[in-house]
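The residues making up each chain are set out below.
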Amino acid sequence: VWLDRALVKGSEERPKKESKELATPPASRGFAALPYLVLDRLLSVMPDAAFKVYCALLRFEGYKSGAMWPGQRRLAGNTGLAERTVWSSMTLLREAGLVKSRRRFGTSNVYERVAITPKNVEAIVAKLKARPIRKMSTADKRRLAQSRNG
């Protein structure tokens, strides 16, 4: 329960400052901004799993720094995907240019969302369309074939 201790009657404790960057933000607070260009141009060519992972990553974006550092196990738990699927989706997001990553201490990575602009969205779409089809679900194959034909 998120209560301000100063508002609780009879509390003489000074309220603790909340961190602006929470490791796991509560579901009832905040929001994640999804750029319209992702919805308009990328959703039709992006696999469902990659879209889920992208949205889950945005949930962990830091308030000031923009850095994201959830582990693959946490992303798998939040999206309902297997860890291997999360790993391959992260690889796809990096190769397409939607996310940058750098190594952090030990075995963890820090991710950063790349700003999507009208100038770079066509290059991202081209990279997503050029990927091999054999590793996609049937629904993703159908959607990609429709986007290539139309």
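Residues numbered from 1 in each chain as written. Predicted model: local features only at pLDDT ≥ 70, side-chain atom pairs only at ≥ 80, totals over all residues. Heavy atoms only, no water.

(A) Highlighting the pairing of strand β2 (residues 99-103). Summarising the sheet, β2 and strand β3 (residues 109-113) pair through 5 bridges and their orientation is antiparallel. Following the sheet pairing, Lys100 is matched in β3 by Glu112. Taking the residues that link successive antiparallel strands as the turn, the β2-β3 hairpin has 5 residues, and the phi of Gly106 there is positive, at about 70°. (Pairing = 2+ DSSP bridges. Helix = DSSP H or I, 4+ residues; strand = E, 2+ residues; numbered from the N terminus.)

(B) Quick look at a nonpolar patch on the surface. A cluster of nonpolar side chains, contributed by Tyr36, Leu39 and Leu43, occupies part of the molecular surface with about 310 Å² of accessible area. Within the secondary structure, Leu43 sits in the loop between α1 (36-42) and α2 (48-59). Overall, Leu43 belongs to the partly exposed group, its relative accessible area being 33%. (Patch = residues over 30% accessible without salt bridge, like charges linked within 9 Å, V, L, I, M, F, W, Y side chains within 5 Å. Areas by Shrake-Rupley, 256 points an atom, 1.4 Å probe, with all protein chains shown as cover. Salt bridge = Lys/Arg side-chain N within 4 Å of Asp/Glu carboxyl O. Buried < 20%, exposed > 50% of the residue type's maximum accessible area, 1.4 Å probe, protein only.)

(C) Region of interest: the sheet that holds strand β1 (residues 67-68). Taken together, 3 strands build an open sheet; the order of strands is β1-β3-β2 and the sheet is antiparallel. The sheet terminates laterally at β1 and β2, the two strands that pair on one side only. Sheet strands in contact with α2 are β1, β2 and β3, and its direction is about 100° off that of β3. Seen against the sheet, helix α4 (residues 83-96) touches β2 and β3 and runs at an angle of roughly 110° to β2. (Contact = heavy atoms within 4.5 Å. Axes fitted to C-alpha atoms, helices over the stretch in contact; angles between N-to-C directions.)

(D) How the structure looks around the side chain of Thr79. Following the sequence through the fold, Thr79 ends up in helix α3 (residues 72-79). Relative accessible area serves as the criterion here: at 11%, Thr79 is assigned to the buried category. Discounting chain neighbours no more than four positions away, the residues touching Thr79 are Lys52, Val53, Ala56 and Val86.

(E) Geometry of the packing of α4 against helix α5 (residues 118-129). Taken N-terminus to C-terminus, the directions of α4 and α5 make an angle of 135°; their axes are 9 Å apart at the nearest point. Judged by the angle between their axes, α4 and α5 are oblique. Crossing geometry of α4 relative to α5 is assigned as right-handed. Two secondary-structure elements touch here, α4 through Leu92, Glu95 and Ala96 and α5 through Ile124, Lys127 and Leu128. Partitioned by chemical class, the residues of the contact of α4 with α5 number 4 nonpolar, no polar and 2 charged. (Parallel < 35°, antiparallel > 145°, perpendicular 65-115°, else oblique. Left-handed = near helix turned anticlockwise from the far one by under 90°. Nonpolar A, V, L, I, M, F, W, Y, C, P; charged D, E, K, R; others polar.)

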